Amino acid sequence: MDEMRKNNANLANQAWRKKPRAFAPKSRRGCKTCKIRRVKCDLSRPSCFKCQSTGRTCDGYDEMPLASVIEIGSSPSQTGKANGAEHYGSYQPQPAQWQTRDQYPIVQNLGPFMILPVTGPGQAYALCFFEYISIKHLNEYHPCESWRNTLMFFSQTVPQVRYAAIALSLVHQNYMDRESSDRVHQMQSSRGRLPHNAPLLYYTRAIQLLLNQEIGDSAEITATTLLVCYLFTCYDHLAGNYVQAIKHLRGGVEISHNFNKAIMGGKSPYEDVRHSEVRTLIFQVTKQIRRLDMQAVTFLVDWTPVDIQDRLMSQVLPSDGAFHSLDQAAEYLQILVARVMRLRNTEQQLSPWGKMPPLPSWHKDIVLGQLETWSSLFERMLQQNSCHETNSETCPLISLLRLQHTIAWTLLSSYGPGKEMDYDNFLPQFQHCVALANDIAAVHERYSGSLGPTFTPDVGIVPVLYIIGAKCRHPVVRREVLSILRKRPIREAVWDSTCVARVIERVIEIEEGGSEEGELIPLWQRIEAMSWIHLVKGQSAAKVDIRYTFCAGEGTHTESLII
């Protein structure tokens, strides 16, 4: 008996040797080339960067199975239930690690949610496009992993957000197909697509669900409404419905402003969620919407951000002489840039079309001093935290902040009517800005993995390139600007690189038309103020109507340019 027990113990001790090695499950989302090579794919579309960096040809991606859309963040057993048409599987998310450089509290538990079923391959394709393309583009200039996770999570679990996300995804696909020169890619991407009127149908459905939701001050309703406002703003920018986009933006700004005011005043109607994760999510989307509010002054002359005065006065500079993070530096700079643009827009309204009274000159001196202080704090922060320089995501943001600071300082330094000749003194700053813009464009080209069209609701390099092309009269610098704008189609809110390039070309024709090569453009031949309206007709950009005046000249000139 003892001998039998001893034999059984020996067999048990050696049993592990006979077990096959457990391998991790294979990824079903990588490109075909990375799957064959058995390496981790970075999932860049339309071709992955890992293949490009090693000189290989990326063979593209398989069609994502329907279950793959549902399985994100859920277990296999829950996925099976979620695919049912009538029986919805409940989803209890695992603790989500949503903090790093985003400065948001860690979301420990969002409570019980349900993964919505996907009806048909067209909707599955749209959700996949939203996850892998649209979300990536929306956060191109200000990468934030927690915000990406939030968008994807709510598009899976909340019907209103789901329909708004699908509508945005479909209109984004239409934009990329329209602007792409790769006809083969267009033919492949059209397979399994929803009908041409599908974006508007999903857009309308999201509005209906918003109107039919419960009336009250629920924080969940506020979070959902803000998310849909953000997605609708992006949708209408891409669709060319700029007036409607601004209405959605203004609505989101007012909701977020009232929420923040109530929280800060201690009179919040959201007592049940004062310290909950939903409040954190509201602050997340509020941050995105308020940045768009600040940036709207770059394309709307009469736009004033809702709380620009309060935020500027309440913004306290670090006591230790440096910013604590890139996020803090970016927030303070966007306020200063908005102030600069308000001063410039006031000048444009005065000359030649506006009726607003001039602002005191000391406003200029105050903002110039704040810009100088910002630069000192920013550079000191980079010196104290040299690790930022090696981070692949923060490096483009550092260059973007330097670019926006330099152009804001240049604009404000030449502030005032009749100062067009003064721009010639800022040639080094313009050259520096072009170099920074070129670097940023190159980084984002590698980020997206192609020269295909991109869209983001954030304002980045396009308005800066327009300012340089319009105000810097050096012919070489102007041609470099056109080269960057023409390299790939870029949409930043209402700023369209193709449209801006066409306007700059016309400015060059007007200002350099009567001058010899290398000759200084005289004052009377320089354009002082210009505005334009980008008219979109159907599925293609039709034309741009421009309006401008010359320095020391009378009368307004109008033209229509075919794009």
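Residues numbered from 1 in each chain as written. Predicted model: local features only at pLDDT ≥ 70, side-chain atom pairs only at ≥ 80, totals over all residues. Heavy atoms only, no water.

Visitor: Outline the overall build of the protein, supporting the account with residue identities and numerical values.
Guide: Along its length, the protein carries 21 helices and eight strands. Among the 563 residues that make up the protein, the fraction classed as buried is 52%. Partitioning the contacts of the protein with sequence separation of at least 6, the portion at a separation of at least 24 is 66%. Carbon together with sulfur atoms contributes 54% to the accessible area of the protein, which is approximately 27,400 Å² in total. (Helix = DSSP H or I, 4+ residues; strand = E, 2+ residues; numbered from the N terminus. Buried < 20%, exposed > 50% of the residue type's maximum accessible area, 1.4 Å probe, protein only. Contact = heavy atoms within 4.5 Å. Areas by Shrake-Rupley, 256 points an atom, 1.4 Å probe, with all protein chains shown as cover.)

Visitor: Run through helix α11 (residues 219-239), naming residues and quoting values.
Guide: For an α-helix, the turn length of 3.6 residues means that residues three or four places apart are oriented alike. Counted at 1.5 Å a residue, the expected span for α11 with its 21 residues is 30 Å, and the 30 Å between its end C-alpha atoms agrees. Most of α11 sits out of view: 19 of its 21 residues are buried. Downstream of α11 by one or two residues, G240 has phi in the positive range, about 85°. (Expected span 1.5 Å × (residues − 1).)

Visitor: So what's going on with the pattern of salt bridges? Residues and values would help.
Guide: Enumeration over the complete set of coordinates arrives at 16 salt bridges. Here D327 makes a salt bridge to K287, at a shortest N to O gap of 2.4 Å. Taken as a pair, D327 in helix α15 (residues 326-353) and K287 in helix α13 (residues 277-295) lie far apart in primary sequence, 40 residues in all. Look at D327 and you get partly exposed, because its relative accessible area is 25%. A salt bridge links R478 to E511; its shortest N-O distance comes to 2.6 Å. Taken together, the residues span a long stretch of sequence, with R478 in helix α20 (residues 475-487) and E511 in helix α21 (residues 497-512) at a distance of 33 residues. For the pair R478 and E511, one class covers both residues: buried. Counted as one network, the salt bridges with shared partners bring together E420, K471, R473, R478, R479, E511 and E512. (Salt bridge = Lys/Arg side-chain N within 4 Å of Asp/Glu carboxyl O.)

Visitor: Account for the packing of aromatic side chains, naming residues and giving values.
Guide: Summed over the entire model, instances satisfying the criterion amount to 14 aromatic pairs. Centroid distance W147 to Y230: 5.2 Å. Interplanar angle 85°. Geometry classified as edge-to-face. One end of the pair, W147, is in helix α7 (residues 145-157); the other, Y230, is in helix α11, and 83 residues separate them in sequence. An aromatic cluster is built from F323, Y332, W374 and F378, whose rings are joined through pairwise contacts. Taking the ring centre of W303 as reference, the NZ or CZ of R250 above it sits at 4.1 Å. (Phe/Tyr/Trp six-rings, centres within 6.5 Å; stacked < 30°, edge-to-face > 60°. Lys NZ or Arg CZ within 6 Å of the ring centre and 35° of its normal.)

Visitor: Break down the nonpolar core for me, citing the residues and quoting the values.
Guide: With 131 residues, the main nonpolar core has Y230, F378, I461 and I468 as its most contacted residues. With twelve residues, α15 is the single largest residue contributor to this core. Residues within four places of I468 in sequence aside, it is in contact with I407, F430, C433, V434, V477 and V481. (Core = buried A, V, L, I, M, F, W, Y, C linked by side-chain atoms within 4.5 Å.)

Visitor: Run through unusual backbone geometry, naming residues and quoting values.
Guide: Positive phi values are uncommon outside glycine, yet A493 reaches one of about 55°. As for its placement among the helices and strands, A493 is situated in the loop between β4 (490-492) and β5 (495-496).

Visitor: Tell me about the side chain of T410, and name the residues and values.
Guide: Relative to the assigned elements, T410 resides in helix α17 (residues 394-413). For T410, a relative accessible area of 1% corresponds to the buried category. A distance of 2.8 Å separates the side chain of T410 from the backbone oxygen of T406, its partner in a polar contact. When neighbours within four sequence positions are excluded, T410 is seen to be in contact with F426, Q429 and F430. (Polar contact = N/O pair within 3.5 Å; in protein donor to acceptor, adjacent residues only side chain to side chain.)

Visitor: Just give me the short version of the sheet that holds β5, but keep the residues and values in it.
Guide: Strand order across the open sheet formed by three strands is β3-β4-β5, with mixed pairing between neighbours. Only two strands of the sheet have a single neighbouring strand rather than two, namely β3 (454-456) and β5. Summarising the sheet, β3 and β4 pair through three bridges and their orientation is parallel. Residue pairing for β4: F455 is matched across the bridge by R491. (Pairing = 2+ DSSP bridges.)

Visitor: Just give me the short version of empty space enclosed by the protein, but keep the residues and values in it.
Guide: All chains considered together, the criterion is met by five cavities of 30 Å³ or more. Of the volumes computed, that of the largest cavity is approximately 80 Å³. Considering the residues around the largest cavity, the lining is formed by E140, Y141, A441, H444, T454, T456, I461, R488 and I490. At the level of elements, α18 (427-448) and β3 are the ones that each hand at least two residues to the lining of the largest cavity. Split into classes, the residues belonging to the lining of the largest cavity amount to four nonpolar, three polar and two charged. Roughly 60 Å³ of internal volume is contained in the second largest cavity. (1 Å grid on protein atoms, 1.4 Å probe; cavity = no way out; pocket = protein on both sides within 12 Å on 5 of 7 lines; lining within 4 Å. Points joined across faces, edges and corners; volume = space filled by probe spheres on them. Nonpolar A, V, L, I, M, F, W, Y, C, P; charged D, E, K, R; others polar.)

Visitor: I'd like to hear about the packing of helix α6 (residues 121-138) against helix α8 (residues 159-179), residue by residue, with values.
Guide: To characterise two packed helices, one gives the angle between the axes of the helices and the distance between these axes. The interhelical angle for the contact between α6 and α8, taken along N-to-C directions, is 75°, at an axis separation of 8 Å. The orientation of α6 with respect to α8, classified from their angle, is roughly perpendicular. Contacts between α6 and α8 involve Q123, Y125, A126, L127, F129, F130, I133, S134, H137 and L138 from the former and R162, A165, I166, L168, S169, L170, H172, Q173 and M176 from the latter. Its residues placed into classes, the contact of α6 with α8 shows twelve nonpolar, six polar and one charged. (Axes fitted to C-alpha atoms, helices over the stretch in contact; angles between N-to-C directions. Parallel < 35°, antiparallel > 145°, perpendicular 65-115°, else oblique.)

Visitor: Outline the environment of H137, listing residues and values.
Guide: With respect to the helices and strands, the residue H137 is situated in helix α6. Given a relative accessible area of 6%, H137 falls into the buried group. In sequence terms H137 and P453 are 316 residues apart; their C-alpha atoms lie 10.0 Å from each other. Apart from the residues within four sequence positions on either side, H137 is in contact with H172, M176, P453, T454, F455 and T456. For H137, the side chain forms a polar contact with the side chain of H172, separated by 3.4 Å.

Visitor: Can you lay out a positive patch on the surface for me, pointing to particular residues and giving the numbers?
Guide: On the surface, R37, K40, K50 and R56 cluster together to form a positively charged patch. Tracing the chain through its elements places R56 in the loop between α3 (49-53) and α4 (66-70). Here R56 falls in the partly exposed class, since its relative accessible area comes to 39%. (Patch = residues over 30% accessible without salt bridge, like charges linked within 9 Å, V, L, I, M, F, W, Y side chains within 5 Å. Lys, Arg positive; Asp, Glu negative; His and termini not counted. Charge placed at Lys NZ, Arg CZ, Asp CG, Glu CD.)

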